[in-house]
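Close look at the chain arrangement
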Amino acid sequence: MYLNSLKPAEGSVRNRKRIGRGTGSGRGGTSTRGHKGAKSRSGYSQKSGFEGGQMPLQRRVPKYGFKNINRVEYKAINLDVIQSLADSTNETVFNFDYFKAHGLVQKNDKIKVLGRGEISKAVEIHAHAFSQTATESIEKAGGKTVAI
């Protein structure tokens, strides 16, 4: 077998549609654009959401609510999750890299520790934010909270 003898599979390669190459080609005249109308004109480009002059969906539906562009999204980690990690790995310091290594957060996430569950070990937790109940529980167990 040589490179010059290679051929594509039967039926896999088709000739491209040659538009506007005379009436004999079968695609001359209007060049497959039909007669008249905006779509037949050169330079026509349809706007996204355009519905042929009908009121577009994004203008028909009512608008309400408010999206705060400055909102900070946190990844929540509860005390019961930290307690189970502390029991299974005998770790006392929990930081961002530890949570990332255990698949609880991704590299751009911010962590907030929430107070669901109990913590019995004295642990040091590094996170971006803590709820009040989480802080109280951690300090009551002899632990320490460090804001990143």
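We now turn to the structure provided with this report. Note that the structure is a prediction, hence the values are computed from the model and not measured.

Quick look at unusual backbone geometry now. A positive phi angle, near 55°, is found at S31, a position not held by glycine. Of note, the phi angle at T32 is positive, near 65°, even though the residue is not glycine. Structurally, T32 is set in the segment before α1 (57-60). Assessed through its relative accessible area of 49%, T32 is described here as partly exposed.

Overall, parallel pairing links the three strands, which are arranged β1-β3-β5 in an open sheet. At either end of the open sheet lies a strand with only one pairing partner, and these are β1 (74-78) and β5 (129-130). Contacts from helix α2 (residues 79-89) reach β1 and β3 (110-114) within the one sheet, and its direction differs from that of β1 by about 60°.

Glancing now at the sheet that holds strand β4 (residues 124-127). The strand order across the open sheet formed by three strands is β2-β4-β6, and the pairing between neighbours is parallel. Two strands bound the open sheet, and with one partner strand each, they are β2 (93-94) and β6 (144-147).

Quick look at α2 now. Those residues of α2 that sit buried are L79, I82, Q83, L85 and A86. Here the buried residues of α2 occupy an arc of 165° about the axis, which is enough to place them on one side. On the buried face of α2, the contacting elements are β1, β2, α3 (96-101), β3, β4 and α4 (132-140). Positive backbone phi, at 55°, marks N90, one or two positions downstream of α2.

The alternating pattern of β3 places I111 and V113 on a buried face and K110, K112 and L114 on a face that is not buried. As paired elements, β1 and β3 share five bridges and run parallel to each other. Its bridge partner lying in β3, I77 is registered against V113. Strand direction decides the pairing type here: β3 and β5, joined by two bridges, are parallel. From the neighbouring strand, K112 faces β5, where its bridge partner is A129.

For the structure on display, the rule yields three salt bridges. Among the salt bridges present, the one from R60 reaches E51, with a minimum N-O distance of 3.2 Å. Its salt-bridge partner being R116, residue D80 comes within 3.0 Å of it at the nearest N-O pair. Here D80, found in helix α2, pairs with R116, found in the loop between β3 and β4; they are 36 residues apart in sequence, far enough to count as distant.

Once that is clear, we can look at the environment of H128. Within the element layout of this structure, H128 appears in the loop between β4 and β5. Residue classification places H128 among the partly exposed residues on the basis of a relative accessible area of 24%. For the pair H128 and A147, spaced 19 residues apart in sequence, the C-alpha separation works out to 5.2 Å. Only 2.9 Å separates the side chain of H128 from the backbone nitrogen of I111, close enough to count as a polar contact.

Quick notes on the rules
- Residues numbered from 1 in each chain as written.
- Predicted model: local features only at pLDDT ≥ 70, side-chain atom pairs only at ≥ 80, totals over all residues.
- Heavy atoms only, no water.
- Helix = DSSP H or I, 4+ residues; strand = E, 2+ residues; numbered from the N terminus.
- Buried < 20%, exposed > 50% of the residue type's maximum accessible area, 1.4 Å probe, protein only.
- Pairing = 2+ DSSP bridges.
- Contact = heavy atoms within 4.5 Å.
- Axes fitted to C-alpha atoms, helices over the stretch in contact; angles between N-to-C directions.
- Arc of directions from axis to C-beta.
- Salt bridge = Lys/Arg side-chain N within 4 Å of Asp/Glu carboxyl O.
- Polar contact = N/O pair within 3.5 Å; in protein donor to acceptor, adjacent residues only side chain to side chain.

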